[in-house]
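Spelled out, the chains give:
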Amino acid sequence: MARVLTPRAEDFPRWYQDLIAKAKLADNGPVRGTMVIRPAGYAIWERMQAEMDARIKAAGAENAYFPLFIPESYLKREAEHVEGFSPELAVVTHGGGKQLAEPVVVRPTSETVIGEFMAKWIDSYRDLPLLLNQWANVVRWELRPRIFLRTSEFLWQEGHTAHATRSDAQAYARKILHEAYEDLMVNVLAIPVVVGLKTTRERFAGATATFTCEGMMGDGKALQLGTSHELGQNFAKAFDISYSSAEGGREHAWTTSWGTSTRMLGGLIMAHGDDNGLRVPPRLAPVQAYVMVVKAGEGVGEAAAKLLDALRDAGVRVALDDRTDTPFGRRAVDAELRGYPVRVEVGPRDLAAGNAVVVRRTDGSKSPTPLAEVVGAVLAALETDQRALHDQALAHRESRTVEVATLAEAIEAAATGWARVPWSAVGVAGEAEANGQGVTVRCLLRADGSVPDSEDEPDLVAILARAY
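### Concerning the overall build of the protein
At step 1: Looking only at helices and strands, one finds 14 helices and 23 strands in the protein.
At step 2: With respect to the principal axes defined by its C-alpha atoms, the protein has extents near 80 × 55 × 50 Å.
At step 3: A burial count over the protein gives 53% of its 468 residues as buried.
At step 4: The long-range fraction of contacts in the protein, counting pairs at least 24 apart against all pairs at least 6 apart in sequence, stands at 69%.
At step 5: For the protein, the computed accessible surface area is about 19,900 Å², with 49% contributed by carbon and sulfur atoms.
At step 6: In the protein, the 52 positive side-chain charges and the 62 negative ones have mean positions that sit 5 Å from each other.

### Digging into the sheet that holds strand β4 (residues 69-71)
At step 1: Overall, antiparallel pairing links the 3 strands, which are arranged β4-β6-β5 in an open sheet. Where the open sheet ends on each side, the last strands, each with one partner, are β4 and β5 (90-95). Taking each pair of neighbouring strands and ignoring which way they run, the sheet shows an average axis angle of 50°.
At step 2: For β5 and strand β6 (residues 98-106), the ladder comprises 5 bridges, and the chain directions are antiparallel. Bridge pairing in β6 links V91 to V105.

### As for the side chain of D274
At step 1: Mapped onto the elements of the fold, D274 is located in the loop between α8 (263-272) and β15 (289-293).
At step 2: At 2.7 Å, the side chain of D274 forms a polar contact with the side chain of R361.
At step 3: In this view, D274 contacts L5, R8, W15, R279 and R361; residues no more than four positions away in its chain are not counted.

### Topic: α8
At step 1: In terms of burial, α8 is a largely internal element, 10 of the 10 residues being buried.
At step 2: Residues of α8 that are buried include every one of R263, M264, L265, G266, G267, L268, I269, M270, A271 and H272, and no others.

### Re the environment of V138
At step 1: Residue placement: V138 occurs in strand β7 (residues 130-139).
At step 2: V138 gets classed as buried once you look at its relative accessible area, which sits at 0%.
At step 3: Sequence spacing of V138 and E153 is 15 residues, and the spatial spacing of their C-alpha atoms is 5.6 Å.

### Looking at the packing of helix α2 (residues 39-58) against helix α6 (residues 166-187)
At step 1: Contact pair α2 / α6: the axes reach a minimum separation of 9 Å and the direction vectors enclose 150°. Overall, the two elements α2 and α6 adopt an arrangement that is roughly antiparallel. Classified by chirality, the crossing of α6 by α2 is right-handed. Listed contacts from α6 to E51, M52 and R55 of α2 are E179, A180, Y181, D183 and L184.

### Re the environment of L189
At step 1: Positionally, L189 belongs in the loop between α6 and β9 (193-197).
At step 2: Judged by its relative accessible area of 0%, L189 is buried.
At step 3: The sequence separation of L189 and A271 amounts to 82 residues, and the corresponding C-alpha distance is 9.5 Å.
At step 4: Non-local contacts of L189, meaning those with residues more than four positions away in its chain, are made with M48, L184, M264, L268, H272, P281 and L284.

### Digging into unusual backbone geometry
At step 1: Residue P129 is reached from L128 by a cis peptide bond, and omega for that bond is -5°.
At step 2: Residue position: P129 is located in the loop between α5 (111-121) and β7.
At step 3: A positive phi angle, close to 75°, is found at F148, a residue other than glycine.
At step 4: Of note, F148 is situated in the loop between β7 and β8 (153-163).
At step 5: For A190, which is not glycine, the phi torsion reads 60° and is therefore positive.
At step 6: Its location among the elements puts A190 in the loop between α6 and β9.

### Digging into the pairing of β9
At step 1: Most of β9 is tucked away: 5 of the 5 residues are buried.
At step 2: Residue alternation in β9 divides its side chains into two sets, V193, V195 and L197 and V194 and G196, and both sets are buried.
At step 3: Pairing analysis gives 5 bridges linking β9 to strand β10 (residues 209-216), with the strands arranged antiparallel. Residue L197 lies in a different strand from β10, and its bridge partner there is F211.

### Description of helix α9 (residues 300-313)
The α-helix winds at 3.6 residues per turn, so residues separated by three or four positions along the chain end up facing the same way.
At step 1: Its 14 residues place the ends of α9 20 Å apart at the C-alpha level, agreeing with the 20 Å of an ideal helix rising 1.5 Å per residue.
At step 2: Every buried residue belonging to α9 is among V300, A303, A304, L307, L308 and L311, and all of these are buried. Viewed along the axis of α9, the buried residues span an arc of 140°, placing them on a single side of the element. Opposite the packed face of α9, turned more than 90 degrees from it, sit the exposed residues E302, K306 and D313.

### What to know about the sheet that holds β15
At step 1: The strand order across the open sheet built from 5 strands is β16-β15-β17-β18-β19, with neighbouring strands paired in mixed fashion. The open sheet has two free edges, formed respectively by β16 (318-321) and β19 (366-370), since each of these has just one partner strand. Pairs of neighbouring strands in the sheet enclose a mean axial angle of 25°, with direction left out of account.
At step 2: The strands touched by helix α10 (residues 328-338) within the sheet are β15, β16 and β17 (342-346), with β15 carrying the most contacts at an inclination of about 175°.
At step 3: Relative to the sheet, helix α12 (residues 374-399) contacts β15, β17, β18 (355-360) and β19, its axis offset from that of β17 by approximately 155°.

### A few points about the packing of helix α1 (residues 12-22) against α8
At step 1: Taken N-terminus to C-terminus, the directions of α1 and α8 make an angle of 115°; their axes are 11 Å apart at the nearest point. Here α1 runs over α8; the crossing is right-handed. Residue-level contacts link F12, W15, Y16, L19 and I20 of α1 to G266, I269 and M270 of α8.
At step 2: Considered class by class, the residues forming the contact of α1 with α8 number 7 nonpolar, 1 polar and no charged.

### Quick notes on the pairing of β10
At step 1: Burial analysis of β10 places 8 of its 8 residues in the buried class, the great majority of the element.
At step 2: As paired strands, β10 and strand β11 (residues 222-230) are joined by 8 bridges and run antiparallel to one another. Among the inter-strand pairings, A209 is bridged to a residue of β11, identified as E230.

Thresholds, definitions, all that
Counting restarts for each chain, with residues numbered from 1 along the sequence as it is written. The predicted nature of this model means local features are confined to residues of pLDDT at least 70 and side-chain atom pairs, given and counted, to a pLDDT of 80 or more, with totals for whole chains, interfaces and linings taken over all residues. Computation of side-chain values covers all heavy atoms of the structure but excludes hydrogens and water. Secondary structure elements follow DSSP: runs of H or I no shorter than four residues count as helices, runs of E no shorter than two count as strands, and numbering proceeds from the N terminus. Whether a residue is buried, partly exposed or exposed follows from its accessible area with a 1.4 Å probe, protein chains only, as a fraction of its type maximum: under 20%, in between, or over 50%, in that order. When checking whether two residues touch, look at their non-hydrogen atoms; a contact exists if any pair is within 4.5 Å. With residues, only the protein chains shown are counted as cover, and all accessible areas are computed by Shrake-Rupley using a 1.4 Å probe. When charges are counted, Lys and Arg are positive and Asp and Glu negative, with His and the chain ends excluded. One atom stands in for each charge, and that atom is NZ of Lys, CZ of Arg, CG of Asp or CD of Glu. Pairs of strands are assigned from DSSP output, requiring at least two bridges between the strands. Orientation is described by axes fitted as lines to C-alpha atoms, over the contacting stretch for helices, and by angles from 0 to 180 degrees between their N-to-C directions. Under the rule applied, a polar contact is a pair of N or O atoms within 3.5 Å (in protein, one hydrogen donor and one hydrogen acceptor; residues adjacent in sequence only if both atoms are side-chain atoms). Here is the rule for angles: anything less than 35 degrees is roughly parallel, anything more than 145 is roughly antiparallel, 65 through 115 is roughly perpendicular, and the remaining ranges are oblique. Crossing handedness follows the turn of the near helix against the far one: under a right angle anticlockwise gives a left-handed crossing, and clockwise gives a right-handed one. Under the convention used throughout, the expected extent of a helix is 1.5 Å for every residue step, that is, one less than its residue count. To obtain the arc, one takes the directions from the helix axis to the C-beta atoms. Throughout this entry, Asp, Glu, Lys and Arg are counted as charged residues, while Ala, Val, Leu, Ile, Met, Phe, Trp, Tyr, Cys and Pro are counted as nonpolar. The remaining residues, Gly among them, count as polar.

Next up, the structure:
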């Protein structure tokens, strides 16, 4: 397998690109910075979507869809917002063979266009809260693209909500952060995330507070996997999102926005992948058990079909590989690359003994298993290996995180992992110094690990790292 993929320890970025290509997850699009997500990669994204969508709906939000094209004037209404996105905007100036009267921006995010319609739809306090989400593509012109991590066009969900009070908005932004994002990343993606507050320098343009889920990748760098923002009344005032209160006055709403994207796919690869390819957590995997016919004849095909049906009846997501015209070794390598959690290999020799071989992707173990016990063995392996992937990733993060006392020590530690340092030892000036050396403050935490409300709280801890 080392000949199929560049070893991670030798060249991590090359390993990442090799894996995406060899596992047939994605390809570069014809326009620089765009990507084509291939069926194997899109199947994983669909599973992420389904799991995330269920959590968003459980939090009370409803799905809608808003236009791809946004009048340039909309973005200019919230000055900090347009300034933050200006370098990344794709602007359309011609359409239908003519110059447009007003340029339109290809959606980089939808606060402005959704704000316009929130103002139209909200009249009374009875219309609140308004909880919206959309699954869409967005465009942010990327100078240094990397598939799944930074592309000029990517897929995501973006939630936008309006509330009658600041406390309601704050509570909802945190509800999504923990009950949708953190829960999905920890319990489905098996990526242990640090959840914290972004600094003023790092927060979303136009927000009053940004909360983040940060994961450590296999090379010790950080990846921001999802963010939730309190927008205060900034967008409500810019777009006149107001309502009649119960007392009869006119009040501006308090709004939030929050999003996760196909970047989670890149995080999945870099957090769990090894030198043999991808390792997909069982709860996420589109194919949890891959039944493989080693060699045709002697009742092997029939036995494999029966195992397929039995696994499906037990609630396992299964697929069958009976391509015996392709060498088994090549098929096994492809299965390893794609990270199927469990393989069930059925060949004449094992079948003659009444067995199939259960192969677990997480630890590489191969266990001859009586046919009657295969379903139970697969179910047990899926549950065990979901926990194992999380625990391995957590152990990796803990081994590459150090406690330091000074900014200089934190910058040095960020060469190989994460640093935990008192925020008071960094501050605004120290953050700028760290940025100049390619190190960022990923988030701020309270001493007990909880998420602060403000960076001005005393005794906060800063996580510093290099990041994607």
